[in-house]
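So the chains spell out like this:
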Amino acid sequence: MEHRGAPGRKTVVAGCQEGHRGHTICLLQETWFRPGMEASAVLTPGYDIIACSRPAAMDGTHQWGGVATVISAATPYRYRADLSAPDLLAIELDDFYLLNIYLPPETTRMGWQQWSTVDPLDQLLETMTRCDPDGISSKPFVLMGDFNGRTGHWQLPSVLDVYPRHSTDSRVTTRGRWIMNDLCSDFGLIISNGTSLEKVSPGALTSFQAGGSSVIDYALLSLSLPAQVVALTVIRHPSFDHARLCIDLMVSSVTELGRLLEETMKAVMSDEKASCSYHGPVHLLGTPANAYVAVEKLGGGRNGYLCAVARSCEVVDVLSVAGTLQDAALSAVAWVAIHTPPEKSLVLYLPSDSVIHTLCYQVGPRFLRGGLESTSLLGRVSTILRLRHTPSSLVPVDNKTKEKGPWKLAYNSSKKPPLAPVGFVVPEAAAFPNWDAPIGPPLSPEAFGKPKVYTTLPPKPTKPAATRTIAEIREQRPRIPQSGDVDKDSESHCGRARTRRAMWENLLMLRSCKTSAESWSLLRLWTDPKPRPLKVSLGDLYEDFRKRMNPPDSIPALFNATLYNKHKYLASQIPDRTVDVSPSASFSRPFIPDEIVAIKKRVRLRPAKSATGIDDLSYRSIITIDNGKLCQLFNECIALQDVPSMRLSSVLVAVPKPQKPLTEPQSYRIIALECCLLKTITLLIDRRLKEWISELEILPDAQNGF
């Protein structure tokens, strides 16, 4: 397989009549092959050819249509004959489905009924559906070929802000609308032609006929693939009436580490799942132990609360707790959990709905995202509930509860204590109860189908939906007719009607904004400077960046060549693995979930819109992934001394230096956007390195830096 400059890169070409050399996969349309004729094709050694031809013309007429795919034999692939048909060839690769497509023109003289029993448009939709029958396939699509439809400047609305499209062909045809509505919208496909993915002359024409030129040949990609596109180029050959589409995709070979990464990315936890995971399973169902809690603020200007805990109509305990109302309720929960035998289930009647919501629905997500301090009051109380092996039911106090004798006793005792209150502080972790480990496996969901800590209160409503894109705001704006012109007879201000219409549409969009973030996005759209074309070519930037970021071909005269060669030799003698002699095995001890939590606390401090790398995975997404899965992935990376290859690629951004000529590549700084997942594991390594430095006191106190 030809890799064209970087391991893991696949080069796919559509409409390549010049040959297949230098490309991993070559797609051919309108081959005019009769069935089986591809076997006589002359290929470069190491390539295979597969064809889907129309049935042979029995009357001796010309053989039309047909598609073929030439693919490197070194590329793992599977020809999906079950998904293919005349003029439609499906290849399944490790990373995506590749469909080679030729759709006849809408006005073709030769109707599809002469060579197929199924409409080619329906056949394509059926193939797409069969590749992903449940709509949950993790394997994306690449569709390339001659679609014979014109789509103008249209782009999938959900990516319009990221991949806006401009085509030199602005016309939209009936087939184009089918591509837009039935194909791209229904299957989430991006039209890459005319976007920033097309590196040279975006939106270039692809078809050159006697009646005019147009864009009807496309490269359509699933939403997850644009980040892996190195370049899309449209190249016209003077001898042919269709241009050649060439797309470079950076893909990683599927390894055990890659599969583990996929499993980790799927381990994003909902709040409900995070809560269940945090509290752990239930091991036994004991006799319920009821406790009614009433809380009253201390009088006389004193800080704190009285908590009365009644277990029956005769037994009550009164606690004195410092802090807020929520602190008092939490402390009462801890007191009951500590003083109730571990074999009994807890049923606590609490006067604070917010405390119930926090313990049942919020501590799990907070812990998952690194936002729960284990030493805080909430962290200590929730840990005590975790240590119990029986379930805990937190019941809100309602009118029915207030009719019960134990609640009346607790309520009256909180106002007029029958005995001296006992000061209580939730103990630290070292003083937690040392309950015996449970015997036997945890209960199955059939035996106990609720979380370990549960309530009858429903979760609080979720936060508003994420900020909509500009395209979504425009699409969902109210359709209110514009008021009439107050001065219809005026002939001044040429174009005023058009200006008023634009202002009215902007007002409707502004009024339809649901959040301040949406309002600000509109304001930036209207007021920010418009994007300017680059004043320096990407090729010049590439050459300049390559020289700046790589060692020179020869040692500069200012360098000490002898010392350089000595250090180079010594570096080459360092083995891949060394014996860990650090006091705490800092460099060989496996990572544990508690370390993942500590790192999540750090990344939570990063800005919400912190830049992402080539995989578009943000810190906000990482902190929602199961800690155990992340721990397993990072330990495997250390054990194999490797990471998934795409995560080693960085996106280089050129930032202009102030007061420098923008036409020179030397006037730009380089910023490398690395993958957040890679930076997360480097934070773990940095944590271990600092541990080693601290234990051996390697850095003197006087040393500082940045």
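The rules we used
Residues numbered from 1 in each chain as written. Predicted model: local features only at pLDDT ≥ 70, side-chain atom pairs only at ≥ 80, totals over all residues. Heavy atoms only, no water. Helix = DSSP H or I, 4+ residues; strand = E, 2+ residues; numbered from the N terminus. Rg over C-alpha atoms; globule rule 2.2 N^0.38 Å. Buried < 20%, exposed > 50% of the residue type's maximum accessible area, 1.4 Å probe, protein only. Areas by Shrake-Rupley, 256 points an atom, 1.4 Å probe, with all protein chains shown as cover. Lys, Arg positive; Asp, Glu negative; His and termini not counted. Charge placed at Lys NZ, Arg CZ, Asp CG, Glu CD. Polar contact = N/O pair within 3.5 Å; in protein donor to acceptor, adjacent residues only side chain to side chain. Contact = heavy atoms within 4.5 Å. Pairing = 2+ DSSP bridges. Axes fitted to C-alpha atoms, helices over the stretch in contact; angles between N-to-C directions. Phe/Tyr/Trp six-rings, centres within 6.5 Å; stacked < 30°, edge-to-face > 60°. Core = buried A, V, L, I, M, F, W, Y, C linked by side-chain atoms within 4.5 Å. 1 Å grid on protein atoms, 1.4 Å probe; cavity = no way out; pocket = protein on both sides within 12 Å on 5 of 7 lines; lining within 4 Å. Points joined across faces, edges and corners; volume = space filled by probe spheres on them. Nonpolar A, V, L, I, M, F, W, Y, C, P; charged D, E, K, R; others polar. Salt bridge = Lys/Arg side-chain N within 4 Å of Asp/Glu carboxyl O. Patch = residues over 30% accessible without salt bridge, like charges linked within 9 Å, V, L, I, M, F, W, Y side chains within 5 Å. Parallel < 35°, antiparallel > 145°, perpendicular 65-115°, else oblique.

## Focus on the overall build of the chain
Then comes step 1: If you tally the helices and strands in the chain, you get 17 helices and 23 strands.
Then comes step 2: The C-alpha atoms of the chain give 34 Å as radius of gyration, which overshoots the globular expectation for 706 residues (27 Å, by more than 25%).
Then comes step 3: Every one of the 706 residues in the chain was classed for burial, and the buried ones make up 42%.
Then comes step 4: Counting every atom, the chain has about 38900 Å² of accessible surface; 55% of that belongs to carbon and sulfur.
Then comes step 5: Charged side chains of the chain number 79 positive and 72 negative; the gap between the two group centres comes to 6 Å.

## Structural notes on the side chain of T151
Then comes step 1: Tracing the backbone shows T151 in the loop between β8 (141-146) and α2 (174-187).
Then comes step 2: Of the polar contacts made by the side chain of T151, one reaches the side chain of R165; its length is 3.2 Å.
Then comes step 3: There is a polar contact of 3.2 Å between the side chain of T151 and the side chain of Y218.
Then comes step 4: Leaving out residues up to four positions away in the same chain, T151 has contacts with R165, R171, V172, G176, I179, M180, I191 and Y218.

## Details of the sheet that holds strand β12 (residues 217-222)
Then comes step 1: What the six strands build is an open sheet, ordered β5-β6-β7-β8-β12-β9; its pairing is mixed. Two strands bound the open sheet, and with one partner strand each, they are β5 (77-79) and β9 (189-191). For this sheet, the mean angle separating the axes of adjacent strands, direction not counted, is 20 degrees.
Then comes step 2: Packed onto the sheet, helix α1 (residues 120-131) meets β6 (88-93), β7 (97-102), β8 and β9 and runs at close to 175 degrees relative to β7.
Then comes step 3: Across the face of the sheet, α2 comes into contact with β8, β9 and β12 while running at roughly 125 degrees to β9.

## Here's the deal with the environment of R175
Then comes step 1: Looking at the element boundaries, R175 is found in helix α2.
Then comes step 2: Taking the C-alpha atoms as reference points, R175 and G149, 26 residues apart in sequence, are found 4.6 Å from one another.
Then comes step 3: Those residues in contact with R175, other than ones at most four positions away along the chain, are L103, P104, P105, E106, L121, F147, N148 and G149.
Then comes step 4: One polar contact links the side chain of R175 to the main-chain carbonyl oxygen of P104, over a distance of 2.9 Å.

## Digging into the packing of aromatic side chains
Then comes step 1: Under the defined criterion, the tally for this structure stands at eight aromatic pairs.
Then comes step 2: Between the aromatic rings of W32 and W64, the centroid separation amounts to 5.8 Å while the plane-to-plane angle is 80 degrees, which identifies the pairing as edge-to-face. Of this pair, W32 sits in the loop between β2 (25-29) and β3 (47-52) while W64 sits in the loop between β3 and β4 (67-72), placing them 32 residues apart in sequence.
Then comes step 3: Given a relative accessible area of 40%, W32 falls into the partly exposed group.
Then comes step 4: Owing to a relative accessible area of 39%, W64 belongs among the partly exposed residues under this scheme.

## Structural notes on the nonpolar core
Then comes step 1: Counting residues in hydrophobic clusters, the biggest one holds 57 residues, and the most contacted among them are L124, L143, F147, L183 and L220.
Then comes step 2: The contacts of L124, once residues within four sequence positions are left out, are L88, L99, I101, L143, F147, W178 and L183.
Then comes step 3: Counting 39 residues, the second-largest nonpolar core is a separate cluster that includes V293, W335, A337 and L457.

## Quick word on empty space enclosed by the protein
Then comes step 1: Tallied over the entire structure, the rule returns four cavities of 30 Å³ or more.
Then comes step 2: Looking at the largest cavity, its volume works out to about 100 Å³.
Then comes step 3: Considering the residues around the largest cavity, the lining is formed by 14 residues, among which A85, P86, L88, P120 and Q123 are closest to the centre.
Then comes step 4: Residue contributions to the lining of the largest cavity peak at three residues, all from α1.
Then comes step 5: In terms of residue class, the lining of the largest cavity is made up of ten nonpolar, two polar and two charged.
Then comes step 6: As a volume, the second largest cavity reaches approximately 60 Å³.
Then comes step 7: Lining the second largest cavity we find L633, F634, C637, V643, P644, R647, L677, L678 and I681.
Then comes step 8: For the lining of the second largest cavity, the secondary-structure elements that each account for two or more residues are α16 (627-640) and α17 (676-696).

## Quick look at unusual backbone geometry
Then comes step 1: A positive phi angle, near 50 degrees, is found at A585, a position not held by glycine.
Then comes step 2: As for its placement among the helices and strands, A585 is situated in the loop between α13 (561-572) and α14 (593-603).

## Examining the pairing of β7
Then comes step 1: When you tally the buried positions in β7, you get six out of six residues, the bulk of the element.
Then comes step 2: Pairing analysis gives five bridges linking β6 to β7, with the strands arranged antiparallel. Paired with I91 across the two strands is L98, which belongs to β7.
Then comes step 3: Taken together, β6 and the strand that follows it, β7, pair antiparallel across an intervening segment of three residues.
Then comes step 4: Of the strand pairs in this sheet, β7 and β8 are connected by six bridges, and their pairing is parallel. Considered in β8, the bridge of L98 is made with V142.

## Some points on the pattern of salt bridges
Then comes step 1: The final tally for this structure, using the stated rule, is 19 salt bridges.
Then comes step 2: Here the salt bridges share partners, and the residues they tie into one network are R78, R80, D82, E92 and K139.

## Notes on the sheet that holds strand β17 (residues 316-321)
By way of backbone hydrogen bonds, the strands of a sheet pair with one another, either parallel or antiparallel.
Then comes step 1: Read across the open sheet, the seven strands follow the order β20-β17-β16-β15-β18-β19-β21; overall the sheet is mixed. Lying at the two open borders of the sheet, with one neighbouring strand each, are β20 (422-423) and β21 (453-455).
Then comes step 2: With three bridges connecting them, strand β19 (residues 392-396) and β21 associate as parallel partners. What sits directly across from L394, in β21, is T455.
Then comes step 3: In this fold helix α8 (residues 405-415) packs onto β15 (288-297), β16 (305-310) and β17, with an angle of close to 30 degrees to the strand it touches most, β15.

## A look at a nonpolar patch on the surface
Then comes step 1: Taken together, the side chains of L510, W520, L523, L525 and W526 make up a nonpolar region of the molecular surface, amounting to roughly 450 Å² of accessible area.
Then comes step 2: Among the elements that line the nonpolar patch, the one with the most residues is helix α11 (residues 516-527), at four residues.
Then comes step 3: Looking at the secondary structure, you find L523 in helix α11.
Then comes step 4: Look at L523 and you get partly exposed, because its relative accessible area is 34%.

## Brief notes about the packing of α1 against α2
Then comes step 1: The contact between α1 and α2 brings their axes to 11 Å, and the two run at 10 degrees. Between α1 and α2, the interaxial angle falls into the category roughly parallel. In this structure, α1 uses L121, L124, L125, M128 and T129 to contact α2, whose residues at the interface are R175, W178, D182, L183 and F187.
Then comes step 2: By residue class, the composition of the contact of α1 with α2 is seven nonpolar, one polar and two charged.

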